[in-house]
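Results of the structural survey
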Amino acid sequence: MRLRWSRNEIKNTTIGMVFLLPNILGFLIFTAIPLFISLFMAFTDWNLEMHNMFRSGSVKMVGFGNFIKLFTDPDFSFFLGNTLFLMLGIPFGVAGSLGAALLLNHNFKTGSRRLYWIIILTVVMTASCLMMLCVGMATSALTIIVCGVAGAAIIGGAFGGQSVYRTLFYLPSFTSGVATFILWKKLYSPENGPINNVLQPLLDYITPVAAKLSPGMAAFLAGALLVIMGIGAFLAVFRRVRLWHLGECGILGLVIGMGLLITPLLCCRLWSALSWGGYWGFAIAALGVCFAVFQLWRGRSFRSVYDYGLTDAVIIDGMFMLGLFCLLGLTNVVMAMPVEANAPGGYIAPKWLADYYWAKPALMLMGFWGAIGSNNMLLYLAGLSGISQDLYEAADIDGATPFQRFWHVTWPQLSGVTFFILIMSIMSGLQGGFETARVMTNGGPAGSTTTLAYYIYNEGFATGRLGYASAVSWTLFAMVFAVTIFNWKFGNKYTND
Amino acid sequence: MFKRTMRCNRGLRLLILHMTLALIATTLALPFVWMLFTSLKRLDEVGLESWLPEVFQWHNYADVFAMKGILFGRWYWNAIYVATWVTFLQVFTSSLAAFSFARLKWRGRDTVFLLYLATMMLPGLVMMIPNYQIMINLGLVDTLSGLILPCAFSAFGTFLMRQFMLSIPQSLDEAAEIDGASKWTLFWNVILPLSRPALVTLTIFTFIGNYNSMFWPLVMMKTPARYTLPIGLMAFESSRGQQTNLLMAAVAMSVIPMILLFVFMQKQLVKGIMLGGVKG
């Protein structure tokens, strides 16, 4: 490195700095300095209740005390669990936006004006038939409104093509904020919110049917579901190990894939209602692990390509994991079905945000509403338009079915975008949940929707324990940073081509 | 053969496609539809199963402004005032910095830029508490300038503008230099006008982001007269939330400007998201 600065260099750097000055001033005051203060605070017992203008106790350094307290604090792990639970909605949102992008990516130009009219006429006729049918049966303004909106959407879509649908899809995420959260809070209102107004009659209809289901039958069904789940898990583990054995997957991919697959099976154990079924899943998973270990032992050497096939492991086994989780949830539902139906009042629509167990799913559902048409959909659309048409033609010549076209052409071509979206969603998911918690639930019921972000806010601004709050936020930062490092190490390969 | 069957089914496929898309779009739009209809109901109609009001109560919208303790007009104005200032300052400082990073050559430039990039991944939460302390020391707590100042500098904006400015041909700089233009002239008369697409995108995103922003105003604002719209809506919801029809009118009024903005600006926005996202 040259240390001498030529006259020209000094001049250029001065000019460069002058242009940068306004921004860098703000950067120093509102980013750099707070950063150091915050790091310092994390190692002190700074507490607004003890150190304020009335009681000037001196702020003490406590070393790693805050961090030790944090890791032994059951609250922290509970709220971390909440955050991770809410993040389980991410893959569904990503899948939703991919689906939306795939639907929007069709060629809407028909070339003939006649087709437009055929489409519109068919739809209008279907809609009016439906309306007459429904209005004849029960005078519900809702049906009329739904049909009206759908008709308007389809007429707009037939003339405007992609952009009209895209606009409609994108609106929920574009307007997302306090206003939409308040709106959803009202939608979820347990007594007379529109969601329960529709749901309760449906549940009343189902109750007598479910009541006939005997508990033994339900247990049998649940057992069957669990067996399916166990077999699915076994096949997935088998697939992963085979891929590793064929050298199509490195050791890191193996570990991450297996970890993802085994998580739901371990979770089985935690649900007491399913303990016997949990052991089932556990046994099958253990079998898979034994098998994997055996293969590892038989495999002559550890592969040196440790990050190979990682995307596949994360995405495919991640999907398997979600499927297993869904099966597990379904098993729970089936088990509970006859019991709940025979309870007084039959099925009662959930209290959503006011219910300890339903609050998180309610927030995830709202998140899904916003996630379908979000920026991710636009990124996928851009990715789809970048795929060369030749690949599809080649697939057609080989006689590929639409599913094969998707699985062997579209999906691999989009893996870069998927990776980018997942990483970004995970990073924002870790830091997220503050606004919804503050506006809709106040972190409740009993802390079930308190995420780490809301916890930091509460500790810092409500309780005034600044030192502890800083420690939590730096721990959160460490997690985000770990994801970033993962991205740096493995993302470049997928995103930069 | 395969091609021909495809063509025959084209109309049917298109029909199914349209119906699926319309179905999804309708489902996504229903909350907004409910919001609009509820905002036009009488209070005693709100919880009813029927979505349609008996008589459209258009005066609900005017009533929101006249409510006691709900300074809706004031909050509206504050939100737009803050968002406008933040947008103006942020776009200005970002494009200056981006010009420096993209079009000027100086020592240590890339190191400084990397530093900027690194701050983009810092969670805002980490800085929030010390920033609040700084605001106390500056005496800016509970003032609108306290809302505007910390948000006026953005690493993301700088990044977005820089990416765009890099794509402008370098020969323009040389031509301008030969004509004897100063760096400022180059920036103001050549590069900035050419960066219009990125400018528009950044403007809209910053505006919407700040119009919607809640965390910082929630921390900073104490006096109801200085609330911005999101905080105001929260106050409305917690104090008069029972009046669902008026609340929905207020929500609708805060959402509709964004919807209109999006509908009119969607071309630029979609381009901008791809610009910032794919390369980011």
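Located above this text is the structure these notes cover.
Analysis parameters
Residues numbered from 1 in each chain as written. Chains lettered and ligands numbered in written order. Predicted model: local features only at pLDDT ≥ 70, side-chain atom pairs only at ≥ 80, totals over all residues. Heavy atoms only, no water. Phe/Tyr/Trp six-rings, centres within 6.5 Å; stacked < 30°, edge-to-face > 60°. Buried < 20%, exposed > 50% of the residue type's maximum accessible area, 1.4 Å probe, protein only. Helix = DSSP H or I, 4+ residues; strand = E, 2+ residues; numbered from the N terminus. Contact = heavy atoms within 4.5 Å. Salt bridge = Lys/Arg side-chain N within 4 Å of Asp/Glu carboxyl O. Nonpolar A, V, L, I, M, F, W, Y, C, P; charged D, E, K, R; others polar. Patch = residues over 30% accessible without salt bridge, like charges linked within 9 Å, V, L, I, M, F, W, Y side chains within 5 Å. Areas by Shrake-Rupley, 256 points an atom, 1.4 Å probe, with all protein chains shown as cover. Core = buried A, V, L, I, M, F, W, Y, C linked by side-chain atoms within 4.5 Å. Axes fitted to C-alpha atoms, helices over the stretch in contact; angles between N-to-C directions. Parallel < 35°, antiparallel > 145°, perpendicular 65-115°, else oblique. Left-handed = near helix turned anticlockwise from the far one by under 90°. 1 Å grid on protein atoms, 1.4 Å probe; cavity = no way out; pocket = protein on both sides within 12 Å on 5 of 7 lines; lining within 4 Å. Points joined across faces, edges and corners; volume = space filled by probe spheres on them.

Now for the packing of aromatic side chains. Counted by the stated rule, this structure contains 49 aromatic pairs over all chains. Aromatic side chains tryptophan 184 of chain A and tyrosine 188 of chain A sit 5.4 Å apart centroid to centroid with 50° between the ring planes, which places their arrangement in the tilted category. Accessibility expressed as a relative area gives 6% for tryptophan 184 of chain A, which makes it buried. Ring geometry for tyrosine 457 of chain A versus phenylalanine 215 of chain B: centroids 5.8 Å apart, planes at 80°, classification edge-to-face. Taken together, the residues tyrosine 457 of chain A in helix H20 (residues 452–463) and phenylalanine 215 of chain B in helix H11 (residues 215–220) connect one chain to another. Like phenylalanine 215 of chain B, tyrosine 457 of chain A is buried.

For the rest of this paragraph, the subject is the interface of chain B and chain A. On the side of chain A, 103 residues touch chain B, which itself brings 98 residues to the contact. Here chain B is connected to chain A by two salt bridges. Looking at the side of chain B that touches chain A residue by residue, the classes come out as 68 nonpolar, 23 polar and seven charged.

The subject of this paragraph is a nonpolar patch on the surface. Residues and elements named next belong to chain B. On the surface, a cluster of nonpolar side chains totalling about 460 Å² of accessible area is made up of Leu36, Ile256, Leu260, Val263 and Phe264. It is helix H13 (residues 244–279) that contributes the most residues to the nonpolar patch, four residues altogether. Tracing the backbone through its elements, the reader meets isoleucine 256 in helix H13.

Before going further, it helps to spend a moment on the nonpolar core. With 153 residues, the main nonpolar core has Met440 of chain A together with Phe72 of chain B as its most contacted residues. Of the residues forming this core, the biggest block, 14 residues, is contributed by H13 of chain B. Beyond its immediate chain neighbours, meaning those up to four positions away, methionine 440 of chain A contacts Phe181, Trp184, Lys185, Tyr188, Leu353, Leu363, Met366 and Glu435 of chain A. Counting 30 residues, the second-largest nonpolar core is a separate cluster that includes Phe19 and Phe27 of chain A together with Phe99 and Ala198 of chain B.

Turning next to the packing of helix H3 (residues 72–103) of chain B against helix H7 (residues 155–166) of chain B. Residue and element names in this part refer to chain B. Their axes nearest at 8 Å, the elements H3 and H7 cross at an angle of 45°. Overall, the two elements H3 and H7 adopt an arrangement that is oblique. Helix-helix and strand crossings are classified by hand; for H3 and H7 the assignment is right-handed. The residues of H7 that touch H3, namely those facing Ser94, Ser95, Ala97, Ala98, Phe99, Phe101, Ala102 and Arg103, are Gly157, Thr158, Met161, Arg162, Met165 and Leu166. Residues belonging to the contact of H3 with H7 are distributed by class as follows: eight nonpolar, four polar and two charged.

Our next topic: empty space enclosed by the protein. Any empty space left between the atoms is revealed when a probe the size of a water molecule rolls over them. Per the counting criterion, the structure on display carries three cavities of 30 Å³ or more. Empty space within the largest cavity amounts to approximately 80 Å³. Along the walls of the largest cavity sit Ala79, Val82, Ala83, Leu147, Cys151, Asn210, Tyr211, Ser213, Trp216, Pro217, Thr228 and Pro230 of chain B, which together make up its complete lining. Among the elements of the structure, H3, helix H6 (144–151), helix H10 (196–212) and H11 of chain B are those that each provide at least two residues to the lining of the largest cavity. Broken down by element, the lining of the largest cavity gets its largest block of residues, three residues, from H3 of chain B. When the residues that make up the lining of the largest cavity are grouped by side-chain class, the tally is nine nonpolar, three polar and no charged. As a volume, the second largest cavity reaches approximately 50 Å³. If you trace the second largest cavity, you find it lined by Val178 and Ala179 of chain A together with Tyr211, Asn212, Leu229, Pro230, Leu233, Ser254 and Met258 of chain B. If one sorts the elements of the lining of the second largest cavity by residue count, helix H12 (residues 229–240) of chain B sits on top with three residues.

Counted under the stated rule, the structure contains ten salt bridges over all chains. Between arginine 107 of chain B and glutamate 9 of chain A there is a salt bridge, and its shortest N-O distance comes to 3.4 Å. Taken together, the positions of arginine 107 of chain B in the loop between H3 and helix H4 (109–120) and glutamate 9 of chain A in helix H1 (residues 7–41) put the pair across two chains. Residue glutamate 9 of chain A is classed as buried on the basis of its relative accessible area of 17%. For arginine 226 of chain B, the salt bridge identified is with aspartate 142 of chain B, shortest N-O distance 3.4 Å. One end of the pair, arginine 226 of chain B, is in the loop between H11 and H12; the other, aspartate 142 of chain B, is in the loop between helix H5 (124–138) and H6, with 84 residues separating them in the sequence. For arginine 226 of chain B, a relative accessible area of 36% puts it in the partly exposed group. Classification of aspartate 142 of chain B as buried rests on a relative accessible area of 12%.

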